[in-house]
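Chain by chain, the residues run as shown.
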Amino acid sequence: MEVDPARYDNRVEDGLYDDVVRQLMALPKGMSLGDATYKDDFFQDSNIHTGNFAYKCKDSGAEYETVLVGEIMPRPCGTKFGAIGNHYLGTANTPNVIDDKTRVKGVFALGQPTQSTEMMYVNFSNQIATLDDVIQSDIEELKKQNKDINIKEWTSHAGTDQTGAPEFIMVNTEQLYAVPKAMQQAIQGKRARIVKKMITNSNEGGETKSTDSSADGSNKEGVQEGAITTNMFYEPTVLPDYGGDLFQHVNAKLRQLDIRNVENVLIPPQEWYSSLRRGTLVMIRATLHAFNWKERQIYQLNTHTIRVMDPSKLEVEPLSSQPNGFDGNATASSSKSRASDAMASVQLGKRTREE
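The structure presented is a predicted model; accordingly, all values stated were derived computationally and were not measured. (Residues numbered from 1 in each chain as written. Predicted model: local features only at pLDDT ≥ 70, side-chain atom pairs only at ≥ 80, totals over all residues. Heavy atoms only, no water.)

Q: Can you help me understand the overall build of the chain in this one?
A: Scanning the chain from terminus to terminus reveals six helices and 15 strands. Working note: accessible area of the chain is about 19500 Å², and carbon and sulfur atoms make up 49% of it. (Helix = DSSP H or I, 4+ residues; strand = E, 2+ residues; numbered from the N terminus. Areas by Shrake-Rupley, 256 points an atom, 1.4 Å probe, with all protein chains shown as cover.)

Q: Sorry if this is basic, but what is going on with the packing of aromatic side chains here?
A: Working definition: an aromatic ring pair is given by the centre-to-centre distance plus the angle between the planes. Going through the model one piece at a time under the given rule, you end up with 11 aromatic pairs. Taking the centre distance of 5.9 Å and the plane angle of 55° together, the rings of Y55 and W154 count as tilted. Taken as a pair, Y55 in strand 2 (residues 53–57) and W154 in the loop between strand 5 (150–152) and strand 6 (155–156) lie far apart in primary sequence, 99 residues in all. Relative accessible area serves as the criterion here: at 1%, W154 is assigned to the buried category. Taken together, the aromatic side chains of Y38, F42, Y55, Y64, W154 and Y299 make up a single cluster linked through ring pairs. (Phe/Tyr/Trp six-rings, centres within 6.5 Å; stacked < 30°, edge-to-face > 60°. Buried < 20%, exposed > 50% of the residue type's maximum accessible area, 1.4 Å probe, protein only.)

Q: Explanation requested: unusual backbone geometry in the structure shown.
A: One can expect most non-glycine residues to show negative phi and most peptide bonds to be in trans. Even without a glycine there, the phi angle at Q115 is positive, about 55°. Tracing the sequence through the fold places Q115 in the loop between strand 4 (105–111) and helix 3 (118–144). Using a relative accessible area of 45% as the deciding quantity, one classes Q115 as partly exposed. Non-glycine residue N146 carries a positive phi angle of around 55°.

Q: How should I be thinking about the pairing of strand 3 (residues 65–72) in this particular structure?
A: On a regular strand, each side chain points to the face opposite its neighbour's, so the side chains alternate between the two faces of the sheet. The element strand 3 is extensively covered by neighbouring structure, given that eight of its eight residues are classed as buried. In this sheet, strand 14 (residues 281–293) lies alongside strand 3 in antiparallel orientation, the contact comprising seven bridges. In the strand pairing of strand 14, E65 is matched with T287. Looking at chain direction, strand 3 and strand 4 are connected through two bridges and run antiparallel. Note on strand 4: the bridge partner recorded for E71 is G111. (Pairing = 2+ DSSP bridges.)

Q: Could you clarify how one ought to interpret the sheet that holds strand 12 (residues 253–255) in this entry?
A: Remark on secondary structure: sheet strands pair via backbone hydrogen bonds, oriented parallel or antiparallel. Overall, antiparallel pairing links the three strands, which are arranged 8-12-11 in an open sheet. The open sheet has two free edges, formed respectively by strand 8 (177–178) and strand 11 (233–234), since each of these has just one partner strand.

Note that every value here comes from positions in space, so none of it alone points to a role or purpose.
The structure is reproduced here in structure tokens:
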């Protein structure tokens, strides 16, 4: 795999990698995926209606959110982050179009960070071990029930040999496209609720100041004009690979995902591809899920926050050569939580991977 030697050389034991791992170790017990123990820190909870599984905290019973770290791998390793995302295209003769109801997510393959220190190497390996504990426990239970089910794990291998330990952790983003709530209401013949304003005390100049208040009573005064929020939507065409007959959106827009830079500031979609290129070191806030589909059990990590820990200087992989997307060969949310607060508190200081 191509690397950028200048980016990774001369790394000292007390550099960025170890700094990140120390802060992961300082999180509340069980929050860091590499530090968590299945059935001690989180457990599997079955939905009696669907047969699917969610994972909950052992101490509180709330949905389990975990924090993990890894390096973004290139597309051949399984990364699918673009306008098409993980959508199955179909064929040129029978294309599977993307419309307002189509669920499209991005996928990142996270690998062992390049030239890891011992601390980072062990941490990433422990993350895979935690996920494997869940799989092995379920396999044992299936054997007791004499069930033979094909399993799609939340990890993957670099080659065709599946006997060794997996190298990559696969994480899915939230949905890329959605119909904004206000537009949904308009379609249904409803109008948006009228928002009240709060009156504050007069200032020294004798003027009064009013501030917008949302429907749930939260004050928006602190939101600066032009600031990016996860409530924002964009025209999908801001993505350079969006366009053509494959995309048949009418009301759906591109969502602002909770993707943040080193300074913990949201990154707009126009900068996603350059900010999340191969070789980028990222920290992820995610929830764990398992789905039953026919004779298959699918394990999935859903990421709700992606934070860049260290950018990459490798070239951005070229976009699809098929502009229309057709190729003949082819609950937790971004709202505040303990895990998101923990990620936001990570301080990187001035340590970088030396060039």
